[in-house]
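Working through the structure, step by step
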Amino acid sequence: HDHSRGSLRFSKLSHSSAINMEEIKWRWRHFDTMSAAAWHEVLMLRADIFVVEQACPYQDPDYKDLKCWHLTGHMGDELVATLRVVPPGVSYDECSIGRVSISRRLRGQRRGVELMKIGMGFCASKWDTGIRISGQAYLQEFYEALGFVTENGPYMEDDIPHYEMLYSGATQ
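Everything numeric in this text was worked out from a predicted model, so none of it was measured.

Thresholds, definitions, all that
- Residues numbered from 1 in each chain as written.
- Predicted model: local features only at pLDDT ≥ 70, side-chain atom pairs only at ≥ 80, totals over all residues.
- Heavy atoms only, no water.
- Helix = DSSP H or I, 4+ residues; strand = E, 2+ residues; numbered from the N terminus.
- Buried < 20%, exposed > 50% of the residue type's maximum accessible area, 1.4 Å probe, protein only.
- Expected span 1.5 Å × (residues − 1).
- Bend = angle between axes of the 7 residues up to and from the residue.
- Contact = heavy atoms within 4.5 Å.
- Pairing = 2+ DSSP bridges.
- Axes fitted to C-alpha atoms, helices over the stretch in contact; angles between N-to-C directions.
- Phe/Tyr/Trp six-rings, centres within 6.5 Å; stacked < 30°, edge-to-face > 60°.
- Disulfide = S-S within 2.5 Å.

**Focus: unusual backbone geometry**
Residues G153 and P154 are joined by a peptide bond in cis, for which omega reads 5°. Examined against the element boundaries, P154 turns out to sit in strand β6 (residues 149-157). For R99, which is not glycine, the phi dihedral falls at a positive 50°. Secondary-structure assignment places R99 in strand β4 (residues 96-102). In this structure R99 comes out as buried when scored by relative accessible area, which is 18%.

See below:
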């Protein structure tokens, strides 16, 4: 009787159910199609991270938001992740990803990678411009691991050091 096979099956089962329990439901919407309540939720999460957590008073909502596609990720009724995709010709010649936000309780679970890969896939499906970002300096290695190349910086944006980075779509 081989006990290891049974226990392996059990561990795979319990692992997959743990993942399902914590699954994020992703949804894309253009600003024009978002309800006031959905938009309010996005602003709440962004403010919690970029204003409160980073102790950085700055004007988070801007006129670019109106032209953007917004990705939201929910666990149950709770918004736990969001980012925005800025079409080409608004911030840069390329499309851009910004306001990348993950709920504090989900940090360290590679959810940021998941969020960025969904955003990058969306950009690639709509435009062939590459993706240019202004990333916070402490996340430079995170973005480089996703294939972004640093092109400029560091420079200060809202009193936080940033780097301008480009993802060309070419595999490293």
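Read on, since the account is not over.
**Some details on helix α2 (residues 36-53)**
End to end, α2 covers 24 Å across 18 residues, agreeing with the expected 26 Å (1.5 Å per residue, within 8%). The sharpest bend along α2 reaches about 35° and sits at A47. All of the buried residues in α2 are A38, W39, V42, L45, R46, I49 and F50. Looking at the buried residues of α2, the elements they touch are β1 (25-30), β2 (69-75), β3 (78-86), β4 and β5 (131-136). A55, located one to two residues past α2, shows a positive phi value of around 45°.

**Examining the sheet that holds β5**
Spatially, 3 strands are ordered β5-β7-β6 in an open sheet, and the strand pairing comes out antiparallel. Sheet topology places β5 and β6 at the edges, where each strand pairs with a single neighbour. Here the strands of the sheet are splayed against their neighbours by 25° on average, with no regard to which way each runs.

**Considering the environment of P88**
Turning to its location among the elements, P88 is positioned in the loop between β3 and β4. Among residues more than four places away in sequence, those in contact with P88 are D93, E94, C95, W127 and T129.

**Examining the packing of aromatic side chains**
Counted according to the given criterion, the structure contains 7 aromatic pairs. Ring plane angle 20° and centroid distance 3.9 Å describe the contact between W28 and F122, whose orientation is recorded as stacked. On the criterion of sequence distance, the pair formed by W28 in strand β1 and F122 in helix α3 (residues 111-126) is long-range, its members being 94 residues apart. Ring geometry for F142 and Y143: centres 5.2 Å apart, planes at 70°, overall edge-to-face.

**Concerning the side chain of H30**
In this structure, H30 sits in strand β1. Owing to a relative accessible area of 15%, H30 belongs among the buried residues under this scheme. Among all residues touching H30, those that are not within four sequence positions of it are L66, K67, C68 and W69.

**Points about the environment of F122**
Since its relative accessible area comes to 12%, F122 is described here as buried. Leave out the neighbours within four places in its chain, and F122 touches W28, W69, V85 and W127.

**Considerations on the side chain of T72**
Along the chain, T72 turns up in strand β2. Leaving out residues up to four positions away in the same chain, T72 has contacts with K25, W26, R27, R29, V42, L79, A81 and T82.

**Describing the environment of M156**
With respect to the helices, strands and loops of the structure, M156 is situated in strand β6. Overall, the relative accessible area of 57% leaves M156 in the exposed class. When the C-alpha positions of M156 and A137 are compared, they lie 9.6 Å apart, and in sequence the two are 19 residues distant.

**Some points on the state of the cysteines**
On inspection of all chains with the given rule, the structure shows 0 disulfides. Looking at C95, it has no disulfide partner, and the nearest cysteine sulfur is the one in C123, 3.5 Å off. Judged by its relative accessible area of 1%, C123 falls in the buried class.

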